[in-house]
Structures are given as structure tokens and as C-alpha cells.
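As a plain string of letters, each chain reads:
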Amino acid sequence: MPIDPQSDIEITGFAWVPDFARGFVRDLRPRWACEEAGLSYRERLIDFDTAKGADYRREQPFGQVPAYRDAEVQMFESGAMVLRIAERSETLMPRDAAGRCRVLTWVTAALNSVEPFVFDLVNIDTFNKDAEWARLRRPQVIETLRGRLGSLSDWLGDKEYMEGGFTAADIIMATVLREVSDDALMAEFPNLLAYRTRCIERPAFQRALDAQLASFAPDPVTA
């Protein structure tokens, strides 16, 4: 769905981020959910100074993006936002209790049982790659993440998506797997690679990604 300034859904994002972060800022998740659900949204772009301010921290206590509001609620945390959007669309969350709980379970698993271990590696490879402590710790981080990805791979098997058809769970899990910074590690799990590719080749993902990338101002150093 196109961005609509009149939409009741508002998603906050940054007006500028460094090149390495573009396409990975977490407002991509609710943008993607809206695209899959066929719901328009409006964007509110802020700078880093605004994010640190007291006014914004009343919306997002940690000074991060995204923040979210619609006609009924105001929220922070991208996983919660995706679930809120999914509640408005049977496309992303089944209406039966069993199906709904499975989606809730896998969203929680992606954010708690997989993403922290992915971020441990990102923290080394992106932010501390030249540090001696990072060089020493990286093999252990790789081995721990390998175990998590192995468990996920075993469970996924030859299924196309986490739970039957594409759901909110796949939005969260696919965005987590996009962050794995070691291509050789991901290549050890061909079904996870295929799953990630299957998810991010969806037209709704590309629309969400294009919208996020278009929202960023040019780099102030090079523009």
C-alpha cells in the first residue's frame, strides 16, 4: 500500500542513518506488515536529537525507532507493532486460537531465542571488527549461533514458512535472518537460506524496503 498522510497508522523512522544501517532499521518490520496486510500508513521521520529528547522518550523509552500509533493505541517495539497490525489482517495471523498462538510463539522465539545471538555477531562484525576482544570472542559467538540456526533449520525442514502460509512470524524471523553477518555460516543451512530468500522476494517486502530507503536524506558528508 502507498504511504498515505491521512492513514490512522503512523510509523516513526529516522530521517537519516549511516549507509550500513539503511535497509535494516527496525521500522522496516511494521512497514512490511502494513504492505502484506494491505493497510496504508503514514511515516513520521525524526533525527537523532529528537530521539534522545524527553518528549519522544515518552513514546519510546529507549530513544529508538520505530514508534507506532493508530486510532486506538500507541506502542513501541517492532515485534509488538507487527502483531498489532496482524490483528487487523487475517493474512498475517489466523483467527483460531491455535493458529494465533503459534504465530505469537514464533514471533517471540525470533526475538528472544534467535535475534540476541545474531546481534552478538553483528556487534563484532559491524561495530568492533578491529578489536582484539572481538577477534578472540568471535569463534564462540559463531558456534553458539550455529547451534541456534541448526535448531531452527531442523524445525523448518522443507516447509515454506514457519506456520503454514506466510504470517507475522515470517516477517520477524526473516528480518532477523537478514542480519546474520557471516555468509559462510548461513550457507551451512540451505533451507534457511531458501526460506530467507523466499520471504524477502515477496513484493510487499520490496515495497517496504523501497519506502524506507526513499525516506532517508542524503549523507550530509557526501551530498
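Above this text sits the structure in question.
Residues numbered from 1 in each chain as written. Predicted model: local features only at pLDDT ≥ 70, side-chain atom pairs only at ≥ 80, totals over all residues. Heavy atoms only, no water.

A.B. asks: What is the right way to read the nonpolar core from this model?
C.D. replies: Inside soluble globular proteins, nonpolar side chains tend to come together where they are buried. Core analysis: the biggest nonpolar cluster contains 59 residues, and Trp32, Leu92, Leu149, Met162, Ile171, Met173 and Tyr195 have the highest contact counts within it. Sorting the residues of this core by element identifies helix 1 (28–37), helix 4 (78–87), helix 5 (97–127), helix 6 (132–156), helix 7 (168–178), helix 8 (183–187), helix 9 (190–200) and helix 10 (203–215) as the ones contributing at least two each. Here the element with the most residues in this core is helix 5; it accounts for ten residues. Sequence-distant contacts of methionine 162, defined by excluding residues within four places in its chain, comprise Trp106, Leu152, Trp155, Leu156, Ala169, Asp170, Met173 and Tyr195. Listed in part, the ten residues of the second largest apolar core include Val25, Ile46, Tyr56 and Ala67. (Core = buried A, V, L, I, M, F, W, Y, C linked by side-chain atoms within 4.5 Å. Buried < 20%, exposed > 50% of the residue type's maximum accessible area, 1.4 Å probe, protein only. Helix = DSSP H or I, 4+ residues; strand = E, 2+ residues; numbered from the N terminus. Contact = heavy atoms within 4.5 Å.)

A.B. asks: Could you clarify how one ought to interpret a nonpolar patch on the surface in this entry?
C.D. replies: Taken together, the side chains of Phe20, Phe119 and Phe127 make up a nonpolar region of the molecular surface, amounting to roughly 330 Å² of accessible area. Mapped onto the elements, phenylalanine 20 comes out in the loop between strand 1 (10–14) and helix 1. (Patch = residues over 30% accessible without salt bridge, like charges linked within 9 Å, V, L, I, M, F, W, Y side chains within 5 Å. Areas by Shrake-Rupley, 256 points an atom, 1.4 Å probe, with all protein chains shown as cover. Salt bridge = Lys/Arg side-chain N within 4 Å of Asp/Glu carboxyl O.)

A.B. asks: Honestly, helix 6 in this entry has me stumped. Any pointers?
C.D. replies: Counting along an α-helix, one turn takes 3.6 residues, and residues three or four places apart therefore face a common direction. Helix length check: helix 6 (25 residues) gives 36 Å between terminal C-alpha atoms against 36 Å at 1.5 Å per residue, within 8%. Arginine 138 marks where helix 6 bends most, by close to 40°; the proline proline 139 follows one to four residues later. Contacts from the buried residues of helix 6 go to helix 5, helix 7, helix 8 and helix 9. One or two steps after helix 6, the chain reaches glycine 157, where phi turns positive at roughly 55°. (Expected span 1.5 Å × (residues − 1). Bend = angle between axes of the 7 residues up to and from the residue.)

A.B. asks: How do you make sense of the sheet that holds strand 1 when you look at a structure like this?
C.D. replies: Sheet strands pair by backbone hydrogen bonding; their relative direction is either parallel or antiparallel. Pairing is mixed across the open sheet formed by four strands, whose spatial order is 2-1-3-4. With partners counted over all chains shown, the strands left at the sheet margins are strand 2 (42–46) and strand 4 (74–76), one partner each. Recorded for the sheet is a direction-independent mean angle of 25° between the axes of neighbouring strands. Note: strand 3 (residues 67–69) against strand 4, three bridges, orientation antiparallel. Of the residues in strand 4, the one forming a bridge with arginine 69 is glutamine 74. (Pairing = 2+ DSSP bridges. Axes fitted to C-alpha atoms, helices over the stretch in contact; angles between N-to-C directions.)

A.B. asks: So what exactly am I meant to see when it comes to the pairing of strand 2 here?
C.D. replies: Remember that side chains alternate between the two faces of the sheet whenever the strand is regular. One ladder, built from five bridges, connects strand 1 with strand 2; its direction is parallel. By the bridge assignment, glutamate 10 is partnered in strand 2 with arginine 42. Considered for its hand, the β-α-β crossover made up of strand 1, helix 1 and strand 2 is right-handed. (Right-handed = clockwise from strand over helix to strand, strands pointing away.)

A.B. asks: Whenever I open this one, the packing of aromatic side chains confuses me. Can you help?
C.D. replies: Here the distance between the centres and the angle between the planes together describe a pair of aromatic rings. Applying the stated criterion across every chain yields a total of eight aromatic pairs. Ring centres of phenylalanine 14 and phenylalanine 48 lie 4.7 Å apart, and the angle between their planes is 85°; this geometry places the pair in the edge-to-face category. With phenylalanine 14 in strand 1 and phenylalanine 48 in helix 2 (residues 48–52), this residue pair connects regions lying 34 residues apart in the sequence. A relative accessible area of 12% means that phenylalanine 14 is categorised as buried. Measuring from centroid to centroid gives 6.1 Å for tryptophan 16 and phenylalanine 48, while their planes differ by 65°, and the two rings are edge-to-face. (Phe/Tyr/Trp six-rings, centres within 6.5 Å; stacked < 30°, edge-to-face > 60°.)

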